[in-house]
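Examination of the molecular architecture
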Amino acid sequence: MNQEKIKKKKKKKAFFLDRDGVLNFDSGYTYQIKDFKWIPGAKKAIKLLKDLGFLIIVITNQSGVSRGFYSEEDVKKLHNWMNMDLKKISTSIDDFFFCTELPNEKDISESRRKPSPAMLNEAILKYNLSRNLCFFLGDKKSDLEASKNAKIKGFLFTGGDLHDEITKILKEN
């Protein structure tokens, strides 16, 4: 690609979402479809964001893999099922980034685990995203720290209807 084409390549916008506690009820190490329960308004929120031109990217810590509770393949199966379920309402999640590290396993500068910004930064590079057009919604302090560390706007989800929360964030930003 020549320099002119690189400059013309439009930066994209994304809405990053934590998984457990934001998209689904966090029942502790959710990896089976039978245990997955969508948060009220989650599917509707994803559809709204997609219709507005956002990429939807899930950023999730999955230490259950390192703990031996389930496998990376189990995580991928659940993520595939989530998209199959979303397809019923003509929407989808564009990508899933997950980390299997245990808490405090590595120094934050070497870690992919939130609050490290590594997974967010990987997605920003992969999709040529503009940081000032990105948002991250999580339910834990580590999610807010990860967004701050990645220099993108972060928001704390404290429960309720996810569609209502996303609509509020979009109106205020």
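None of these values were measured; they are calculated from a predicted model.

**As for the overall build of the protein chain**
Within the protein chain, the secondary structure is distributed over six helices and five strands. In the protein chain, the succession of helices and strands from N to C terminus is α-β-α-β-α-β-α-β-α-β-α. Relative to its length of 173 residues, the protein chain is compact, with a C-alpha radius of gyration of 16 Å against a globular reference of 16 Å. Referenced to the eigenvectors of the C-alpha coordinate spread, the extents of the protein chain come out at roughly 50 × 40 × 30 Å. Counting all 173 residues of the protein chain, 46% fall into the buried class. Long-range contacts, defined here as pairs at least 24 residues apart, represent 69% of the contacts in the protein chain between residues at least 6 apart. Working note: accessible area of the protein chain is about 9,400 Å², and carbon and sulfur atoms make up 51% of it. The distance from the centre of the 33 positive side-chain charges to the centre of the 24 negative ones in the protein chain is 7 Å.

**Section: the layout of surface pockets**
Empty space among the atoms can be located by rolling a probe the size of a water molecule over them. Volume-wise, the largest pocket comes out at about 270 Å³. Considering the residues around the largest pocket, the lining is formed by 17 residues, among which Asp20, Asp26, Asn61, Arg113 and Lys140 are closest to the centre. Broken down by secondary-structure element, the contributors of at least two residues to the lining of the largest pocket are strand 2 (55-61) and helix 5 (141-149). Class assignment for the residues of the lining of the largest pocket results in two nonpolar, seven polar and eight charged.

**What to know about the side chain of aspartate 143**
Here aspartate 143 is to be found in helix 5. Apart from residues no more than four positions distant in its own chain, aspartate 143 is found in contact with Asp18, Lys114, Phe136 and Gly138.

**Comments concerning helix 2 (residues 42-51)**
All buried positions along helix 2 are accounted for by Ala42, Ala45, Ile46 and Leu49. Down the axis of helix 2, the smallest arc covering the buried residues is 100°, so these residues share one side. Opposite the packed face of helix 2, turned more than 90 degrees from it, sit the exposed residues Lys44 and Asp51. On its buried side, helix 2 packs onto strand 1 (12-17), strand 2, helix 3 (72-87) and helix 6 (162-172). Two residues or fewer past helix 2, glycine 53 is found with a positive phi of approximately 90°.

**Points about the packing of aromatic side chains**
Applying the stated rule across the entire model yields nine aromatic pairs. Connected via pairs of aromatic rings, a cluster forms that spans Phe15, Phe54, Phe135 and Phe155. Sitting over the face of the ring of phenylalanine 54, lysine 13 holds its NZ or CZ atom 4.5 Å from the ring centroid.

**Describing the environment of glutamate 105**
Mapped onto the secondary structure, glutamate 105 falls in the loop between strand 3 (95-99) and helix 4 (118-126). Along the backbone, glutamate 105 and asparagine 128 are 23 residues apart, and their C-alpha atoms lie at a distance of 30 Å. Here the side chain of glutamate 105 touches leucine 102 through a polar contact of 2.7 Å, landing on its backbone nitrogen.

**Observations concerning the pattern of salt bridges**
Under the criterion given, the structure shown has 14 salt bridges. Lysine 106 is the salt-bridge partner of glutamate 101, the closest N and O atoms lying 3.9 Å from each other. Under the relative-accessibility criterion, glutamate 101 is labelled buried at 9%. Look at lysine 106 and you get partly exposed, because its relative accessible area is 41%.

Cut-offs used in this document
Residues numbered from 1 in each chain as written. Predicted model: local features only at pLDDT ≥ 70, side-chain atom pairs only at ≥ 80, totals over all residues. Heavy atoms only, no water. Helix = DSSP H or I, 4+ residues; strand = E, 2+ residues; numbered from the N terminus. Rg over C-alpha atoms; globule rule 2.2 N^0.38 Å. Buried < 20%, exposed > 50% of the residue type's maximum accessible area, 1.4 Å probe, protein only. Contact = heavy atoms within 4.5 Å. Areas by Shrake-Rupley, 256 points an atom, 1.4 Å probe, with all protein chains shown as cover. Lys, Arg positive; Asp, Glu negative; His and termini not counted. Charge placed at Lys NZ, Arg CZ, Asp CG, Glu CD. 1 Å grid on protein atoms, 1.4 Å probe; cavity = no way out; pocket = protein on both sides within 12 Å on 5 of 7 lines; lining within 4 Å. Points joined across faces, edges and corners; volume = space filled by probe spheres on them. Nonpolar A, V, L, I, M, F, W, Y, C, P; charged D, E, K, R; others polar. Arc of directions from axis to C-beta. Phe/Tyr/Trp six-rings, centres within 6.5 Å; stacked < 30°, edge-to-face > 60°. Lys NZ or Arg CZ within 6 Å of the ring centre and 35° of its normal. Polar contact = N/O pair within 3.5 Å; in protein donor to acceptor, adjacent residues only side chain to side chain. Salt bridge = Lys/Arg side-chain N within 4 Å of Asp/Glu carboxyl O.

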